[in-house]
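Inside the fold
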Amino acid sequence: MSRWRFLASPRWAGYLALVVVFAIACSALGTWQLNRRAEALAEVARIDANYDADPVPLAEALPDLDGFDIDQRWQVVSATGEYLPSEEVVVRNRPYGGSTGFEVITPFLLADGTVFMVDRGWIPQDSDGRPSEVAAPPAGEVEITARLKAGEGRIAGRTSSGAELATIDLDELSDRVGAPAYTGAYGILIQSGAAASEPPVALPRPVRDEGPHLSYALQWFVFALLAFIALAWFANQERKVLEADAAGGAAAEARAGGAAAPSARPTDPAGRPRRPAPGRRPATADRRRSDADVEDEILDRR
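An account of the accompanying structure is given in this report. Just so it is clear, the structure is predicted and the values come from calculations on it, not from any experiment. (Residues numbered from 1 in each chain as written. Predicted model: local features only at pLDDT ≥ 70, side-chain atom pairs only at ≥ 80, totals over all residues. Heavy atoms only, no water.)

Structurally, Gln72 can be placed in the loop between α2 (58-61) and β2 (76-83). Looking at Gln72, the relative accessible area reads 15%, which means it is buried. Only 2.8 Å separates the side chain of Gln72 from the backbone oxygen of Ala61, close enough to count as a polar contact. Once you skip the residues sitting within four places of it in the chain, Gln72 turns out to touch Asn50, Ala61, Leu62 and Leu148. (Helix = DSSP H or I, 4+ residues; strand = E, 2+ residues; numbered from the N terminus. Buried < 20%, exposed > 50% of the residue type's maximum accessible area, 1.4 Å probe, protein only. Polar contact = N/O pair within 3.5 Å; in protein donor to acceptor, adjacent residues only side chain to side chain. Contact = heavy atoms within 4.5 Å.)

What follows deals with the environment of Glu243. Along the chain, Glu243 falls in helix α4 (residues 213-259). Once the C-alpha coordinates of Glu243 and Arg3 are considered, the two residues, 240 residues apart in sequence, prove to be 7.7 Å apart.

A few words on the side chain of Ser174. With respect to the element layout, Ser174 can be found in helix α3 (residues 170-177). In contact with Ser174, other than residues within four places in its own chain, are Met117, Ala179, Ala181 and Thr183.

Look at helix α1 (residues 10-50): 60 Å from first C-alpha to last across 41 residues, which is about the 60 Å you get at 1.5 Å a residue. Turning to α1, its buried residues are Trp12, Val19, Ala23, Cys26, Gly30, Gln33, Ala40, Glu43, Val44, Arg46, Ile47 and Asn50. (Expected span 1.5 Å × (residues − 1).)

Turning our eyes to something else, we now look at α3. Within α3 the residues assigned to the buried category are Leu170, Glu172, Leu173, Ser174 and Val177. Check the buried side of α3 and you find it contacts β3 (89-96), β4 (99-110), β5 (115-124), β7 (164-165) and β8 (185-189). One side-chain oxygen at the N-terminal end of α3 lies 3.2 Å from the backbone nitrogen of Asp171; it belongs to Asp169. Residue Gly178 follows α3 closely and has a positive phi angle near 75°.

What follows deals with the pairing of β2. Counting buried positions along β2 gives six out of eight residues, so the element sits mostly inside the fold. Taken together, the two bridges between strand β1 (residues 56-57) and β2 define a ladder with parallel strand orientation. Residue pairing across strands places Val56 opposite Val77, the latter belonging to β2. Pairing analysis gives three bridges linking β2 to β4, with the strands arranged antiparallel. Following the sheet pairing, Glu82 is matched in β4 by Leu109. (Pairing = 2+ DSSP bridges.)

Here the residue pair Pro199 and Pro200 is connected by a cis peptide bond, since its omega of -5° sits within 30 degrees of zero. Its location among the elements puts Pro200 in the loop between β8 and α4. Phi is positive for Trp74, which is not a glycine, with a value near 75°. By secondary structure assignment, the location of Trp74 is in the loop between α2 and β2. What makes Trp74 buried here is its relative accessible area of 9%. With phi around 60°, Asn93 is a residue other than glycine that occupies positive phi space.

The structure is reproduced here in structure tokens:
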């Protein structure tokens, strides 16, 4: 385990901390995507259960004016009453088929004196950005069927301008009518036949799609796992470098020790160091003799 001792250094502790933080962030994002998928699946289930169901009386579906359960979205209800065209408003910035226009909201007065807000459909805007002409609702008592949807509330910074509203704010619509009104939900009018294609155009069926949330979640979890795999790979690379450096250092020391060893001095058969022959100087001394020494040696020989 001494080969991995470097992992206990502060530097590698910092690397591990960064990887853990990254993995936690990736896991949180993956969990968020799974929650979004669960919400999308719940919406798909509501569409399947409610969108094409038989209508129920409005008073039975919503016994309280401010009551509404999320599982009641797209539930089909029926009601009898008359429209209040003088209280009609439009909601701006509503997309439809790649264009932007308005949705027409007309209050619907019920027999018990309460008011139910009905979204009659979408109309385009004219060249000046104003609502285009729209046919008036039927006069007198009529029976309608609609699909429930929760009110939108207000958005900060977006205000109403006359009969143009920024959102389908049921509390504001109730104040405009000045009568008891349903504030928990409104109804999207169900139209059929030729009436569905004439302004106000019937709103499209909601998309039955869970979205790519599952694949996104798996990607985030894979990223978290890859972070630890990458950390292990870099640690192994550093171990190899350290081992190579250690091996190279040991070889260099061995070579340096062999070059520094002194040369052996010649010995006689008894193992004693040999002495230079009489009259001869060591080779090192010969290399240091002067010319005068050489001449004296020649004269002595003669």
